[in-house]
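# Examining the three-dimensional arrangement
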Amino acid sequence: MRHHIMVKWKENVPKPDIRQIEALFQDALKIPGVTGVSLHPNVVDRPNRYDLLILVYMEKDALPAFDASDVHHRWKDTYSEQIGSKAIFDCE
């Protein structure tokens, strides 16, 4: 399964360093069933675009472990204040 996390940063907040987010999500590879992680920053600067796509490849059964993981909690604790909106989408 592909677990998509699409993020739009708040307007008046400095955008975080994508390399730090990528390093954080690399720890998700330690979760059984998680097989890959990739980050894709947006390349078109328009107000109606999201800024970042975080893509986590995992077995469907790994989603509860990912949601409960330290990686997921650190992501939310560290970056929630900077996120204006977020969309989650899971697909095969």
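Data block above holds the structure.
Residues numbered from 1 in each chain as written. Predicted model: local features only at pLDDT ≥ 70, side-chain atom pairs only at ≥ 80, totals over all residues. Heavy atoms only, no water.

## Here we look at the pairing of strand β1 (residues 2–9)
Filter applied, for reference: Only protein chains enter the accessibility calculation, which uses a 1.4 Å probe; a residue is then buried when its area is under 20% of its type maximum, exposed when over 50%, and partly exposed in between. Runs of E in the DSSP output that reach at least two residues are strands. Runs of H or I that reach at least four are helices, and both are numbered from the N terminus. Two strands are counted as paired when DSSP detects at least two bridges linking them.
Of all eight residues in β1, six are buried; the element is thus mostly enclosed. Sheet analysis places β1 next to strand β3 (residues 52–58), joined by six bridges and oriented antiparallel. The residue bridging V7 from the neighbouring strand is L52, located in β3. Here eight bridges tie β1 to strand β4 (residues 83–91), and the two strands are oriented antiparallel to one another. Bridge pairing links H3 to D90 in β4.

## Focus on the sheet that holds β4
So the rule is basically this: Axis definition: a line fitted to C-alpha atoms, over the contacting stretch in the case of helices. Angles run 0 to 180 degrees between N-to-C directions.
Taken together, the four strands give an open sheet; going across it, the order is β2-β3-β1-β4, and neighbouring strands pair in antiparallel fashion. With partners counted over all chains shown, the strands left at the sheet margins are β2 (34–41) and β4, one partner each. Going across the sheet, the axis of each strand differs from the next one's by a mean of 15 degrees, ignoring polarity. Alignment of β2 against β3, held across seven bridges, turns out to be antiparallel. Residue pairing for β3: V37 is matched across the bridge by V56.

## Let's talk about the packing of aromatic side chains
This is how it is decided: When two rings of Phe, Tyr or Trp (its six-membered ring) have centres within 6.5 Å they constitute a pair, described as stacked for plane angles under 30 degrees, edge-to-face for angles over 60, and tilted for the intermediate range.
Tallied over the entire structure, the rule returns four aromatic pairs. Put simply, the rings of W9, F25, F66, W75 and Y79 pair up and form one aromatic cluster.

## Points about the environment of A62
The following threshold applies: Between two residues, a contact is recorded if the distance between any of their heavy atoms is within 4.5 Å.
Mapped onto the elements, A62 comes out in the loop between β3 and α2 (63–68). With 29 residues separating them in the primary sequence, A62 and G33 have C-alpha atoms 5.2 Å apart. With residues near it in sequence (within four places) discarded, A62 still touches P32, G33 and V34.

## What to know about the packing of helix α1 (residues 18–26) against helix α3 (residues 70–79)
How two helices sit against one another is set out by the angle between their axes and by the gap between those axes. Quick reminder of the rule: Roughly parallel means an angle under 35 degrees; roughly antiparallel, over 145; roughly perpendicular, 65 to 115; everything else is oblique. Should the near helix be turned anticlockwise from the far one by less than a right angle, the crossing is left-handed, and should it be turned clockwise, the crossing is right-handed.
α3 packs onto α1 with a crossing angle of 155 degrees between their chain directions and a minimal axis gap of 9 Å. By the angle between their axes, α1 is roughly antiparallel relative to α3. As α1 runs across α3, the sense of the crossing is right-handed. Between α1 and α3, the contacting residues are Q20, I21, L24 and F25 on the first element and V71, R74, W75 and Y79 on the second.

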